[in-house]
Amino acid sequence: MDQPKNRFLEELAIGLGSHPDKESILLEYESHIDEIIIESFDCTNEAEITDRIISRLGSPEEITALWKEELTVTPSNMKWLFILLNILFFGGGSLLTLAHNLYQWQWLSAIWNQLASIPTLLAFLYLFFWALLGYEIGKGFGHSGRRLLRKTFLLALIPNIVLMLLVVFKIIPHSWFAPLLTKTFIIACIIFTGILYPVSWIGYRWGRKASI
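A.B. asks: Explain helix H6 (residues 106–116) here, please?
C.D. replies: Note on helix geometry: an α-helix contains 3.6 residues per turn, so any two residues three or four positions apart are oriented the same way. Burial in H6 covers these residues: Leu108, Ser109, Trp112 and Ala116. When H6 is viewed along its axis, its buried side chains cluster within an angular range of 100° and face the same direction. Exposed positions of H6 whose direction lies more than 90 degrees from the buried face are Gln106, Trp107 and Gln114.

A.B. asks: Where do I start with the packing of aromatic side chains in this structure?
C.D. replies: Within a pair of aromatic rings, the relevant descriptors are the distance that separates the centres and the angle that separates the planes. Scanning all chains against the criterion turns up eight aromatic pairs. Centre to centre, the rings of Tyr135 and Trp206 are 4.9 Å apart; their planes meet at 55°, and the pair counts as tilted. Taken together, the residues span a long stretch of sequence, with Tyr135 in helix H7 (residues 119–141) and Trp206 in helix H10 (residues 183–210) at a distance of 71 residues. Take Trp206: its relative accessible area is 60%, and that puts it in the exposed class. On the basis of an interplanar angle of 70° and a centroid distance of 5.0 Å, the ring pair of Phe153 and Tyr197 is categorised as edge-to-face. Of the two residues, Phe153 sits in helix H8 (residues 145–156) while Tyr197 sits in helix H10, which places them 44 residues apart along the sequence. Residue classification places Tyr197 among the partly exposed positions, given a relative accessible area of 27%. Members of the aromatic cluster, joined through ring pairs, are Tyr126, Phe129, Trp130, Phe153 and Tyr197.

A.B. asks: Looking at this model, I keep getting lost on the confidence of the model for the protein. Mind explaining?
C.D. replies: Do not read the predicted coordinates in detail wherever pLDDT is low. For the protein, the mean per-residue pLDDT works out to 79, and 84% of the residues sit at or above 70. Predicted confidence in the protein is weakest over helix H5 (residues 75–102), with a mean pLDDT of 73, and strongest over helix H1 (residues 2–16), with 89.

A.B. asks: Explanation requested: the pattern of salt bridges in the structure shown.
C.D. replies: Pairing between side chains of opposite charge can happen when their charged atoms approach one another. All chains considered together, the criterion is met by five salt bridges. Between Glu28 and Arg208 there is a salt bridge, and its shortest N-O distance comes to 3.5 Å. Of this pair, Glu28 sits in helix H2 (residues 22–39) while Arg208 sits in helix H10, and the two are 180 residues apart along the sequence. As far as the burial class goes, Glu28 and Arg208 line up, both buried. One salt bridge connects Asp42 with Arg52, and the closest N-O pair in it is separated by 3.0 Å. Of the two residues, Asp42 is situated in the loop between H2 and helix H3 (46–57) and Arg52 in helix H3; the sequence distance between them amounts to ten residues. Each of Lys5, Glu30 and Asp34 takes part in salt bridges that share partners, so that together they form one network.

So, how was this worked out
Residues numbered from 1 in each chain as written. Predicted model: local features only at pLDDT ≥ 70, side-chain atom pairs only at ≥ 80, totals over all residues. Heavy atoms only, no water. Buried < 20%, exposed > 50% of the residue type's maximum accessible area, 1.4 Å probe, protein only. Helix = DSSP H or I, 4+ residues; strand = E, 2+ residues; numbered from the N terminus. Arc of directions from axis to C-beta. Phe/Tyr/Trp six-rings, centres within 6.5 Å; stacked < 30°, edge-to-face > 60°. pLDDT = per-residue confidence, 0-100. Salt bridge = Lys/Arg side-chain N within 4 Å of Asp/Glu carboxyl O.

Spelled out as structure tokens, the structure:
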């Protein structure tokens, strides 16, 4: 039963040529083929197993075409897109906080109070943003996206760190964030910041698997 797997991987290796992530790609597909073979106990011959492998994963030609196309995608665009989104997120929140404390507009106060009443929901939505970051990088760049994920994460995290430092050193008055800025909320922010990368990594793994 190893013949279909070996033949598939040999054709895939030839098609990948000098792809920089060739070895890791082959290992990834080998693990998926092993799973398919284990599930193919009902197949009576190697041809049926080969057909099942191709139906699940695609032909070696189709796979190599996808991976070669992946090399033409610019990682920089993806990286700066998420960095910009995070800056917009913090910039929008900062402007809202500043306007709320400088101007006594009723409609603005209503929006602020509504947001201040759902900090947990906002935190989980923000976690989803970081999971989406990892997922899109994993789906778009596969194995070659690991370095991109780390770089994007570190750069996108800069606004978070800057804001935390401004609050900790009271450059931004704590009263501006009332009633959000409680000890419980500060601890929750620290915990959430600590799990942002694991959440992004899980999203990346999910996206990488979806690309196969």
